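Given next are the chains, with one letter for each unit.
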Amino acid sequence: MNLPVIIDIIIGLVFIYLTLSLLASEIQELIATVLQWRAEHLKKSIEVLISGGSEGAKDPLQFKRVGQLANSIYTNPMIKDLNQSAKGLLSEGFRSVTHRMGDFYHGVTGTKNVFGNKSSGPSYIPAECFSASLLETLKVSSLLSSISKTRLERFKNLQLAQIQQIGQNLSLPDATKPIIQQEFRWLTAEFNRVVEDYQNNLASLNNSLDRMSEKLGFYINDSQVYLPETELAGREFQRHMAFVKARFDSKIERVALLGQLQPSFSNLLNTVKKSQETVAEIMDIKEESPIYQQIQETLDSMPESLKRSLYILAQRAEKGGGDTQEQLQRFQKEIEIWFDQSMQRASGVYKRNARGVAILLGTAIAVAANADTINIINRLSKDSMLRSNVNLYAEQLVANNAKTKSNNLTSLTKVQQDVDRALDQVALPFGWSEQNSLERDKQGNLLWSALIIKLFGWILSGVAISMGAAFWFEALNKIINIRNAGKKPPSSTES
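What comes next concerns the included structure.

Each value, and the rule that gives it
- Residues numbered from 1 in each chain as written.
- Predicted model: local features only at pLDDT ≥ 70, side-chain atom pairs only at ≥ 80, totals over all residues.
- Heavy atoms only, no water.
- Phe/Tyr/Trp six-rings, centres within 6.5 Å; stacked < 30°, edge-to-face > 60°.
- Helix = DSSP H or I, 4+ residues; strand = E, 2+ residues; numbered from the N terminus.
- Buried < 20%, exposed > 50% of the residue type's maximum accessible area, 1.4 Å probe, protein only.
- Lys NZ or Arg CZ within 6 Å of the ring centre and 35° of its normal.
- Salt bridge = Lys/Arg side-chain N within 4 Å of Asp/Glu carboxyl O.
- Core = buried A, V, L, I, M, F, W, Y, C linked by side-chain atoms within 4.5 Å.
- Contact = heavy atoms within 4.5 Å.
- 1 Å grid on protein atoms, 1.4 Å probe; cavity = no way out; pocket = protein on both sides within 12 Å on 5 of 7 lines; lining within 4 Å.
- Points joined across faces, edges and corners; volume = space filled by probe spheres on them.
- Nonpolar A, V, L, I, M, F, W, Y, C, P; charged D, E, K, R; others polar.
- Axes fitted to C-alpha atoms, helices over the stretch in contact; angles between N-to-C directions.
- Parallel < 35°, antiparallel > 145°, perpendicular 65-115°, else oblique.
- Left-handed = near helix turned anticlockwise from the far one by under 90°.
- Expected span 1.5 Å × (residues − 1).

## Re the packing of aromatic side chains
And then number 1: Tallied over the entire structure, the rule returns six aromatic pairs.
And then number 2: Ring centres 4.9 Å apart and planes at 45° place the aromatic pair Tyr 17 and Trp 472 in the tilted group. Of this pair, Tyr 17 sits in helix H1 (residues 3-35) while Trp 472 sits in helix H21 (residues 469-487), placing them 455 residues apart in sequence. Here Tyr 17 matches Trp 472 in class, with each residue buried.
And then number 3: Ring plane angle 80° and centroid distance 4.9 Å describe the contact between Phe 471 and Trp 472, whose orientation is recorded as edge-to-face.
And then number 4: Using a relative accessible area of 38% as the deciding quantity, one classes Phe 471 as partly exposed.
And then number 5: By way of ring pairs, the aromatic residues Tyr 17, Phe 471 and Trp 472 are connected into one cluster.
And then number 6: Across from the ring centre of Tyr 74, 4.9 Å away, lies the NZ or CZ of Lys 43, which sits over that ring.

See the structure below:
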């Protein structure tokens, strides 16, 4: 057997693999659509991410929290809106049929529908959507904001109490006391208005402190009108109020003050390492307050593994400094990176699982179609007419799809059409015909040696089919191009 014949056999074999791979791709895609493989794998991957790997499944309580949190994330509008469906009677009818088939599969196999009472979910979630949904589900932004508002309220009360005590300790004439008290009532009303504006999200924390400093300056100046500096009371008032005012105006003190008023999410998560009684003390809030209950609900809804992961990410985000909003934005970016890295690993797992399914499916197709690689090679090597016809259609296929990109499965639609036309014209050497049947002895008994060879041929075909249509189309292109290049006559300029 010379080299051109061997190359022709290889081309014929690759063409047959391509034909069967196109069929396998269609079947696998249909199964993946009906059973929601991609969407289910994504949901399970997110649960693995939340549970910190396999450790979350060991504890029933943690496993329950993982499932509840994942379901809550999926009900978030940002994730829910990603699961869009085509409209129209035909599309909705097909979708209804596939959902029923999926329900039937879950019923027969006894497997769980990871989407609960929903039939499907998104097969892709952008990192920014996941990050925003997770933070919104955990109410992180509102939680930190509530803590900050509570702390500012307490800080205001402490400052007013200190200022009031300074006024009460002054030795003032009876005529002056009502005036100072009136000024203090004005300051109290102004501080309350500043805090109320912050609680209504009308001003930032830094701006609120600036406003309180300004109101305090008005109070000091107006009060000093009735407290001459030459008198002892005036000097004492000015000295004590200077310390209070410096708390607002000094750059160093302002940084420290903002650090006290702005909550740290890593600090919040770190409270779980301590007893529950210390949460209120660490976060500077009262145990009977609604915000304390909200903190407890948020912490109780989170699996321990997620707390540890978010604690590390929060620490990274807080290294850059800035106010709570800036840290929260960096924290969200850290979650996006964390999610992307996890999804890259999940994608690798999905590809390995899909490859395993492809091998099983390819072997099933090889058996069903009796596509025995050894028999195919034997038929192609002996039947020159068959070999010539298969090669002719293979060359036409490559010529008609020269610009088709093999790495894009959607671009193989025309390849599929050309292959279908070729199948109408030539009988490929597979199928359950007499020529391809198992060998038997003279008494009609099955030869075990023939069966073993047939099984080996089916397995070879199954593995080859699992390589995918794109792989075999690219291989067919290269082999035919190499053969055609070898057939070109030498140039007249060559010596």
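## Section: the pattern of salt bridges
Pairing is possible between side chains of opposite charge, provided their charged atoms come close.
And then number 1: Applying the stated criterion to the full structure yields 17 salt bridges.
And then number 2: We note a salt bridge from Asp 8 to Arg 483, for which the minimum N-O separation is 2.7 Å. Of the two residues, Asp 8 is situated in helix H1 and Arg 483 in helix H21; the sequence distance between them amounts to 475 residues.
And then number 3: By relative accessible area, which is 18% here, Asp 8 ends up buried.
And then number 4: Its salt-bridge partner being Lys 215, residue Glu 190 comes within 3.3 Å of it at the nearest N-O pair. Of this pair, Glu 190 sits in helix H8 (residues 177-199) while Lys 215 sits in helix H9 (residues 205-224), placing them 25 residues apart in sequence.
And then number 5: In this structure Glu 190 comes out as buried when scored by relative accessible area, which is 13%.
And then number 6: On the accessibility criterion, Lys 215 (12% relative accessible area) is buried.
And then number 7: One continuous salt-bridge network, built from bridges that share partners, spans Asp 8, Glu 395 and Arg 483.

## Details of the nonpolar core
And then number 1: Among the nonpolar cores identified, the biggest contains 42 residues, and Ile 46, Ile 125, Phe 130, Leu 134, Leu 310, Phe 331 and Ile 335 are the most heavily contacted of them.
And then number 2: Elements with a minimum of two residues in this core: helix H2 (37-51), helix H3 (60-75), helix H6 (127-137), helix H7 (140-168), helix H12 (265-270), helix H14 (290-301), helix H15 (304-318) and helix H16 (324-368).
And then number 3: Ignoring sequence-local partners within four residues, the contact set of Phe 130 consists of Ile 46, Leu 49, Ile 73, Ile 79, Ile 125, Ile 335 and Phe 339.
And then number 4: Leu 361, Ala 371, Ala 422 and Leu 428 belong to the second largest nonpolar core, which has 36 residues in total.

## Some points on empty space enclosed by the protein
And then number 1: Taken as a whole and judged by the stated rule, the model has two cavities of 30 Å³ or more.
And then number 2: Taken as a whole, the second largest cavity encloses approximately 70 Å³ of empty space.
And then number 3: Every residue along the wall of the second largest cavity is listed here: Leu 144, Pro 263, Phe 265, Ala 314, Ala 317, Glu 318, Thr 324, Gln 327, Leu 328 and Phe 331.
And then number 4: Listed by contribution, the elements that provide at least two residues to the lining of the second largest cavity are H15 and H16.
And then number 5: With four residues, H16 is the largest single contributor of residues to the lining of the second largest cavity.
And then number 6: Residue classes in the lining of the second largest cavity are distributed as seven nonpolar, two polar and one charged.

## Brief notes about the packing of H2 against H3
And then number 1: Direction vectors running N to C along H2 and H3 enclose 125°, while the axes themselves pass 9 Å from each other. Between H2 and H3, the angle is such that the two are oblique. Every pair of crossing elements has a handedness; the one defined by H2 and H3 is right-handed. Residues Ala 39, Leu 42, Lys 43, Ile 46, Glu 47, Ile 50 and Ser 51 of H2 form the contact with H3, whose participating residues are Val 66, Leu 69, Ala 70, Asn 71, Ile 73 and Tyr 74.
And then number 2: A breakdown of the residues in the contact of H2 with H3 according to their chemical character gives nine nonpolar, two polar and two charged.

## Some thoughts on H2
And then number 1: Taking 1.5 Å of rise per residue, 15 residues should cover 21 Å, and H2 covers 21 Å from first to last C-alpha, within 8% of that figure.
And then number 2: Three or more residues of H2 are buried, namely Ala 39, Glu 40, His 41, Leu 42, Lys 43, Ser 45, Ile 46, Leu 49, Ile 50 and Ser 51.
And then number 3: In the stretch just after H2, Gly 52 is the one whose phi turns positive, near 75°.

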